[in-house]
Amino acid sequence: MTEPTLLVADDHPLFRAAVLHVLQGRLPQFRTLEAASAATLGQALQEHPEIELVLLDLSMPGARGFSALLHVRGEYPEVPVVIISSNDHPRVIRRAQQFGAAGFIPKSAPADAMGEAIQAVLDGGSWFPPMAAERSEADAELAARLAQLTPQQFRVLLCLADGLLNKQIAAELGLAENTVKVHVTAILKKLECYSRTQAAVLVKSLEAEGVEPV
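The shown structure was predicted, so the numbers you read here are calculated from the model rather than taken from an experiment. (Residues numbered from 1 in each chain as written. Predicted model: local features only at pLDDT ≥ 70, side-chain atom pairs only at ≥ 80, totals over all residues. Heavy atoms only, no water.)

A word on the packing of helix α1 (residues 13–26) against helix α5 (residues 111–122)
Where α1 meets α5, the axes come as close as 10 Å, and the angle between the chain directions of the two elements is 65 degrees. Crossing of α1 over α5 shows right-handed handedness. Seen from α1, the contacting residues are Val19, Val22, Leu23 and Arg26; seen from α5, they are Ala111, Asp112, Met114, Gly115 and Ile118. When grouped by side-chain class, the residues that make up the contact of α1 with α5 number six nonpolar, one polar and two charged. (Axes fitted to C-alpha atoms, helices over the stretch in contact; angles between N-to-C directions. Helix = DSSP H or I, 4+ residues; strand = E, 2+ residues; numbered from the N terminus. Left-handed = near helix turned anticlockwise from the far one by under 90°. Contact = heavy atoms within 4.5 Å. Nonpolar A, V, L, I, M, F, W, Y, C, P; charged D, E, K, R; others polar.)

Regarding the UniProt feature "modified residue: 4-aspartylphosphate" (unreviewed entry) in the protein
On the UniProt side, "modified residue: 4-aspartylphosphate" (unreviewed entry) is annotated at positions that read Asp57 here. As for its placement among the helices and strands, Asp57 is situated in the loop between β3 (51–56) and α3 (67–75). Once residues within four sequence positions are removed from consideration, Asp57 is found in contact with Ala9, Asp10, Asp11, Ile84, Ser85 and Lys107. (UniProt positions renumbered as here; feature names shortened; annotations may be inferred.)

Considering the domain arrangement of the protein
Domain annotation for the protein reports domain 1 (5–123) and domain 2 (137–209). Distance from the C-alpha centre of domain 1 to the C-alpha centre of domain 2: 24 Å. On the domain 2 side, the residues contacting the 16 residues of domain 1 number 17 residues. A buried area of about 1,500 Å², summed over both sides, lies between domain 1 and domain 2, and 53% of it is on carbon and sulfur atoms. The three residues of domain 1 that bury the most area against domain 2 are Arg64, Arg95 and Gln98, which together make up 38% of that side's buried surface. For the pair domain 1 and domain 2, the number of links is one salt bridge. Glu75 serves as the salt-bridge partner of Arg155, at 3.1 Å between the closest nitrogen and oxygen. In this assembly, domain 1 and domain 2 are joined by one residue pair in polar contact (both at pLDDT 80 or more). Contributing elements (two or more residues each) for the side of domain 1 that touches domain 2: α3 and α4 (90–98). In terms of residue class, the side of domain 1 that touches domain 2 is built from five nonpolar, seven polar and four charged. (Domains from an automatic or database assignment. Buried area = accessible area lost by both parts, 1.4 Å probe. Salt bridge = Lys/Arg side-chain N within 4 Å of Asp/Glu carboxyl O. Polar contact = N/O pair within 3.5 Å; in protein donor to acceptor, adjacent residues only side chain to side chain.)

Right, dumping it as structure tokens:
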């Protein structure tokens, strides 16, 4: 029987080590894996179906704010995601919740809170710090639109946001250029966007960092 596994996705080695120390002390029955980028996060999830929870930093190479969260929730809906971030602005916490996170742990939180949050989510619940930000209908609508995309369409969308042409996207993702064209058409329709630029602006709105404190 495969050992249950937790995945820590953060690009800062010292912080990953600190989180792993907490996990090994409080949840010794779980094996732990690490990822330092959006690409290695995706690879780990693909190679290890025994992963039962992902601890995810919002700021990693290859991710745009909430894009990694949305990608994991879209491709692996059965795997809960807990965000661990230094940006604990109330709106960031609220958006994480609306985009499908099962929990949010500020990086400033003590080890006890981290252990409590992870256990709550593993038990099928959720864990969020107190929030002052109101629910955003715009974010709810955006999350619903993005949820319509297939995992491959989501990858194409992120390439669009980077300004890549269809030929470049095809090379990046190992697809035929005509397949990319079909995906782009479907993406624009599902997101109700009239142009590639409008879709890129929509992706820009997923960025969590830089929110001004209240």
